[in-house]
Amino acid sequence: MLPAVLCIGCIGVFRSTAVDPGLDPVMHRSALVVAWFQDTAVVPSGEDADPALRGIDWDALALDHEL
């Protein structure tokens, strides 16, 4: 018998300035889609967000795109 487990699946779409400093900051942005599981339905925010979520390496994972 397995114990009852509540796990909430979340997807976040994050956007920022371009990762590549050589790109035009007016014409380019970066974006990253992150999926994670958490124990509550509370939206993670600021200092209260899970350290693993806050520690994502944006520069290594986000993709630049032209507007």
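Here the structure is a predicted model, which means the values were calculated and not measured.

Participant: I'd love a proper account of the overall build of the chain, names of residues and values included.
Facilitator: Scanning the chain for helices and strands turns up 2 helices and 3 strands. If you list the helices and strands of the chain from N to C, you get β-β-α-α-β. Relative to the 2.2 N^0.38 estimate, which gives 11 Å for 67 residues, the radius of gyration of the chain is 16 Å and therefore markedly larger than a compact globule would have. Overall size of the chain, expressed as C-alpha extent along the three principal axes, is 55 × 25 × 20 Å. For the chain, the share of sequence-separated contacts (at least 6 apart) that also reach a separation of at least 24 residues comes to 64%. Entry remark: accessible area of the chain is about 5,400 Å², with carbon and sulfur atoms responsible for 62%.

Participant: Before we move on, could you go through the nonpolar core and cite the residues and values that matter?
Facilitator: Counting 6 residues, the largest nonpolar core is built from Cys10, Leu32, Val34, Trp36, Leu53 and Ala62. Counting residues per element, this core draws most heavily on strand β2 (residues 28-38), which supplies 3 residues. If we ignore the near neighbours within four places in the chain, the residues touching Trp36 are Ile8, Gly9, Cys10, Ile11, Gly12, Phe14, Pro44 and Leu53.

Participant: Which residues make up the environment of Ile11, and what values do they have?
Facilitator: Along the polypeptide, Ile11 turns up in strand β1 (residues 8-17). Taking the C-alpha atoms as reference, Ile11 lies 14 Å from Asp39; in sequence the two are 28 residues apart. Each residue touching Ile11, except ones within four places of it in the same chain, is listed here: Val33, Val34, Ala35 and Trp36.

So, how was this worked out
Residues numbered from 1 in each chain as written. Predicted model: local features only at pLDDT ≥ 70, side-chain atom pairs only at ≥ 80, totals over all residues. Heavy atoms only, no water. Helix = DSSP H or I, 4+ residues; strand = E, 2+ residues; numbered from the N terminus. Rg over C-alpha atoms; globule rule 2.2 N^0.38 Å. Contact = heavy atoms within 4.5 Å. Areas by Shrake-Rupley, 256 points an atom, 1.4 Å probe, with all protein chains shown as cover. Core = buried A, V, L, I, M, F, W, Y, C linked by side-chain atoms within 4.5 Å. Buried < 20%, exposed > 50% of the residue type's maximum accessible area, 1.4 Å probe, protein only.

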